[in-house]
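Per-entry structural report
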Amino acid sequence: MSVGAQDAAGVEDAEKQAAFDARIDAGDFIEAKDWMPEHYRKTLVRQISQHAHSEIVGMLPEGNWITRAPTLKRKAILLAKVQDEAGHGLYLYSAAETLGTSRDQMVNALHTGKAKYSSIFNYPTLTWADMGVIGWLVDGAAIMNQVPLCRCSYAPYARAMIRVCREESFHQRQGYEALLVMMKQGTAEQREMVQDAVNRWWWPSLMMFGPADKDSPNSEQSMRWGIKRISNDQLRQKFVDATIPQAEILGVTVPDPDLQWNEERGEYDFGAIDWAEFWRVVNGDGPMNRERLAARVKAWDDGAWVRDAALAHAKKQATKKEAA
Ligand code: BYC
């Protein structure tokens, strides 16, 4: 490219950037075909693909209990929930594909450990009470984080999130209801099982919101672009404030001796999160990281014949159409 042409391209890019910034500042939504800065595109691919991976890996801890659900009703609910999660993964992979990445690239990044997925799914599900607590706390935290994403500046992601959030609220309610039954109509042993599950899942649920704002490398830029609307710490606080009154109704406590209502601020103070544990789990060394990844790689390999057959069928149909 000549120097003149380079200058012209530079001016054009600056104009596009200014127009993009003005749209973001005005609260406009960006569509897939609109011009966008490369860093915005990359940030979205990172977040949306990691979100999709979380939904797919998130099927594993609960899938583990489908065959052991205590009643037909609970089994039907759990099956529906896990299927919803597969659906969420698919909407989200599709939303990420609109940004120019492919499903194969995203799956490969997950399987080679390059892409992250939510830390929460690297903990084991030890008892049936874990199913209720995952619904109540994990889906509860997910909704708190995901409702603001329905207003994300990237429209295909925002649209996917509207449907995801509707389904997540059913997930949260079914978990809370299952726990209410165990706590109010169950035996002492069942109540202990619920309390034990709350003790194990409370802190990992608070970690789902990501590092503290001061240690979050992506937050500032993502907030400026309207990808994230509410910060990690603010969402975590909102989650604690909404959840403690629900714990009181259930009759369980959370494992935090420092938790107390702060009259002045009108919110709960809570204890320090173990960030060393968070980073250990995020970086691959949690209790179930290896098993989760191995299960996904196996499922992908076992499904190769299905993908091959679907592709062969599609090719055959296309040839038939061409010939007609
Ligand atoms: N686990 O700068 P930060 C579900 C990473 S699915 C693992 O604050 P960002 C459900 C982060 O990716 C739940 N990694 O990042 C499904 C970044 O690393 P990279 C999933 C985490 O993106 C089935 C680094 O730490 N929800 O609910 O601005 C059944 C620095 O963090 C975590 C979503 O994905 C974590 N907890 O903010 C039931 C929602 N936290 O990428 C339930 C969409 C942070 O720079 N995602 N990291 O290498 C988001 O809202 C944001 O991506 C996050 C993190 C708030 C998670």
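The following paragraphs examine the structure supplied in this document.

Calculation rules
Residues numbered from 1 in each chain as written. Predicted model: local features only at pLDDT ≥ 70, side-chain atom pairs only at ≥ 80, totals over all residues. Heavy atoms only, no water. Core = buried A, V, L, I, M, F, W, Y, C linked by side-chain atoms within 4.5 Å. Buried < 20%, exposed > 50% of the residue type's maximum accessible area, 1.4 Å probe, protein only. Helix = DSSP H or I, 4+ residues; strand = E, 2+ residues; numbered from the N terminus. Contact = heavy atoms within 4.5 Å. Near = heavy atom within 4 Å. Polar contact = N/O pair within 3.5 Å; in protein donor to acceptor, adjacent residues only side chain to side chain. Areas by Shrake-Rupley, 256 points an atom, 1.4 Å probe, with all protein chains shown as cover. Nonpolar A, V, L, I, M, F, W, Y, C, P; charged D, E, K, R; others polar. Axes fitted to C-alpha atoms, helices over the stretch in contact; angles between N-to-C directions. Parallel < 35°, antiparallel > 145°, perpendicular 65-115°, else oblique. Salt bridge = Lys/Arg side-chain N within 4 Å of Asp/Glu carboxyl O. Phe/Tyr/Trp six-rings, centres within 6.5 Å; stacked < 30°, edge-to-face > 60°. Lys NZ or Arg CZ within 6 Å of the ring centre and 35° of its normal.

**Side note on the nonpolar core**
- Trp136, Val194, Trp201, Trp202, Phe239 and Val252 are the most contacted members of the largest nonpolar core, which totals 47 residues.
- Listed by contribution, the elements that provide at least two residues to this core are α4 (72-97), α6 (129-146), α7 (155-185), α8 (188-207), α10 (232-250) and α11 (275-282).
- Among residues more than four places away in sequence, those in contact with Trp201 are Ile120, Tyr123, Pro124, Thr125, Asp130, Val133, Ile134, Leu137 and Val138.
- By size, the runner-up hydrophobic cluster in this structure holds 27 residues, among which are Leu44, Val45, Leu99 and Cys152.

**Quick notes on the site of the ligand**
- With respect to spatial proximity, 33 residues lie near the ligand, and among them Arg46, Lys116, Ser119, Ser216 and Lys228 are the closest.
- Within the side chain of Lys116, one N or O atom sits 2.5 Å away from an oxygen atom of the ligand.
- One of the backbone nitrogen or oxygen atoms of Asn218 is found 2.9 Å away from an oxygen atom of the ligand.
- Relative to its unbound accessible surface of 1,000 Å², the ligand loses 91% to contact with the protein.
- Residue assignment for the shell around the ligand shows that the elements contributing at least two residues are α2 (38-57), α6 and α11.
- The leading source of residues in the shell around the ligand is α2, at six residues.
- Broken down by class, the residue content of the shell around the ligand amounts to 14 nonpolar, twelve polar and seven charged.

**Points about the packing of helix α5 (residues 103-111) against helix α12 (residues 289-302)**
- Two elements in contact, α5 and α12, have axes separated by 10 Å at closest approach and are oriented at 140°. Relative to α12, α5 is oriented oblique. Counting all contacts with α5, which are made through Asp104, Val107, Leu110 and His111, the residues of α12 involved are Leu293, Arg296, Val297 and Trp300.
- Of the residues belonging to the contact of α5 with α12, the class tally is five nonpolar, one polar and two charged.

**Thoughts on the pattern of salt bridges**
- Tallied over the full model, the rule gives 20 salt bridges.
- The salt bridge partner of Arg236 is Asp233, with a shortest N-O separation of 2.8 Å. Highlighted residues: Arg236 and Asp233, both in helix α10, separated by three residues, approximately one helical turn.
- Taken together, the salt bridges that share partners define one network made up of Glu62, Lys81, Glu85 and Asp139.

**Regarding the environment of Tyr117**
- When you line up the elements, Tyr117 lands in the loop between α5 and α6.
- Sequence separation of Tyr117 and Ala314 is 197 residues, and the distance between their C-alpha atoms is 32 Å.
- Tyr117 has contacts with Gln50, His53, Ser54, Val57, Leu110, Asn122, Asn289, Arg292 and Leu293, leaving out every residue within four places of it along the chain.
- At 2.6 Å, the side chain of Tyr117 forms a polar contact with the side chain of Asn122.

**Regarding the packing of aromatic side chains**
- The final tally for this structure, using the stated rule, is eleven aromatic pairs.
- Connected via pairs of aromatic rings, a cluster forms that spans Phe20, Trp35, Tyr40 and Trp225.
- A cation over an aromatic ring shows up here: Arg307 above the ring of Trp300, its NZ or CZ 3.6 Å from the ring centre.

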